[in-house]
Amino acid sequence: MPAEMKEDSPKIVQPREHKAKVSIWADLTVADMDSLEEASSVEDIKLQLSEILNVPDYKDNLKTGILMDLYFYTIQFARENNFSKEQTSAFFSMVKQVHEVCTETPFGNVEQCFRYFKELVLCHAVKRPPFSIDLFSPDEVRKVTDYVIHTYFRHYKMYKYAFTPLVRLDLSMNYVGVPVSPPPSEAGDKVEDAEGMAEGDTANEGEGQQQEEQPQIEESPAAKELRAMIQTHLADEIQKLRTSVDEQIKETDDIMNKKLSVLEGGNVSGKGGRAPSRGKKK
């Protein structure tokens, strides 16, 4: 593969662990929460979120539309459970960060995501400053955990499919002593025309000379022994196959000869015999 293609190819992130931290006011500030509280309808809330998160194309872009639904129902859940501004901001950041960890790699990382989510919950449920704060009560922790498990993690593979690129593996193998085959042309075999066929003989002669000039790589003793074992085994198998085929042909010939002799004997007896006499009628 050329160096330019390697540089242009995106780097695929492998599944990894993340360290959780307190995320209050990380994505939704106090001013953002005030503007969201003033919004009453679904469209007003989504419009405010699109301005805060800078995703104005959520109505036309499918990915940002899915993302907007995820964030809207997060705000709606916080309202239904009467979360404070601090709790709503922290819960929103928890969902957003879990989604970012999920979609940072196309490979499966559900275990890393769930461990990260549990650490985020603990960071906001246990009083141990500056590492964690007691923002949510045990009952609220249960509600938050049930909501995220039954909404986001239940549809984890769908989010992964929608927000991660498709990975395709291109495998190439090189063998010792065998010339490297050229990469296939994008145009395909249709590019070859009469001019290329006319130059075929000249190219074959040039390739023959190059193969003669190319120094042969000496095989190791182990490789020579392995090659000899393989050739011996193949020769034995071919001999067994030939013997089996010869025996089957011989058996088939014997059977056909027997059938022919029976048929010939039946015809001779039929010609030389008398016809059966019929009884006289009284």
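What counts, and at which threshold
What you see as residue numbers is a count from 1 along each chain, following the sequence as written. Residue-level local features of this predicted model are given only where pLDDT is at least 70; pairs of side-chain atoms are given and counted only at 80 or more, and the full residue set underlies all totals for whole chains, interfaces and linings. Side-chain figures throughout are based on the complete set of non-hydrogen atoms in the structure, without hydrogens or water. Starting at the N terminus, helices and strands are each numbered in turn, a helix being any DSSP run of H or I of at least four residues and a strand any DSSP run of E of at least two. Remark: exposure states derive from per-residue accessible area (1.4 Å probe, protein chains only) relative to the maximum for the residue type, with buried under 20%, exposed over 50%, and partly exposed in between. Note on contacts: a residue pair qualifies if any of its non-hydrogen atoms lie within 4.5 Å across the two residues. All accessible-area figures derive from a Shrake-Rupley calculation using a 1.4 Å probe, and residue coverage is judged against the displayed protein chains alone. In summary, the pairing rule links any two rings of Phe, Tyr or Trp, Trp by its six-membered ring, whose centres are within 6.5 Å, and it sorts them by plane angle into stacked for under 30 degrees, edge-to-face for over 60 and tilted for everything else. Remark: nonpolar core denotes a set of buried residues (Ala, Val, Leu, Ile, Met, Phe, Trp, Tyr, Cys) joined through side-chain atoms within 4.5 Å.

Thoughts on the overall build of the protein
And step 1. Per the secondary structure count, the protein includes 11 helices and two strands.
And step 2. Starting at the N terminus, the α and β elements of the protein follow one another as α-α-α-α-α-α-β-β-α-α-α-α-α.
And step 3. Burial analysis of the protein (282 residues in total) assigns 24% to the buried set.
And step 4. Of all intrachain contacts in the protein linking residues separated by at least 6 positions in sequence, the fraction that spans at least 24 positions is 67%.
And step 5. Of the roughly 22,100 Å² of accessible surface on the protein, 55% is carried by carbon and sulfur atoms.

Focus on the packing of aromatic side chains
And step 1. On inspection of all chains with the given rule, the structure shows 13 aromatic pairs.
And step 2. Taking 6.4 Å as the distance between ring centres and 40° as the angle between the ring planes, the aromatic pair formed by Phe114 and Phe117 counts as tilted. Residue Phe114 and its partner Phe117 are located together in helix 6 (residues 110–123), separated by three residues, close to a single helical turn.
And step 3. For Phe114, a relative accessible area of 30% puts it in the partly exposed group.
And step 4. A residue is classified by how much of its surface remains accessible, and Phe117, at 2% relative accessible area, is buried.

Focus on the nonpolar core
And step 1. Counting residues in hydrophobic clusters, the biggest one holds 43 residues, and the most contacted among them are Leu49, Phe91, Phe117, Phe136, Val144 and Val148.
And step 2. Elements with a contribution of two residues or more to this core: helix 2 (30–38), helix 3 (42–53), helix 4 (62–80), helix 5 (85–102), helix 6, helix 7 (138–151) and helix 8 (156–163).

Some words on unusual backbone geometry
And step 1. Cis geometry is found at the peptide bond from Pro129 to Pro130, where omega equals 0°.
And step 2. Along the chain, Pro130 falls in the loop between strand 1 (125–128) and strand 2 (132–134).
And step 3. Although it is not a glycine, Trp25 sits at a positive phi angle of roughly 60°.
And step 4. On the secondary structure map, Trp25 appears in the loop between helix 1 (3–8) and helix 2.
And step 5. Among the residues examined, Trp25 registers a relative accessible area of 29% and is labelled partly exposed.

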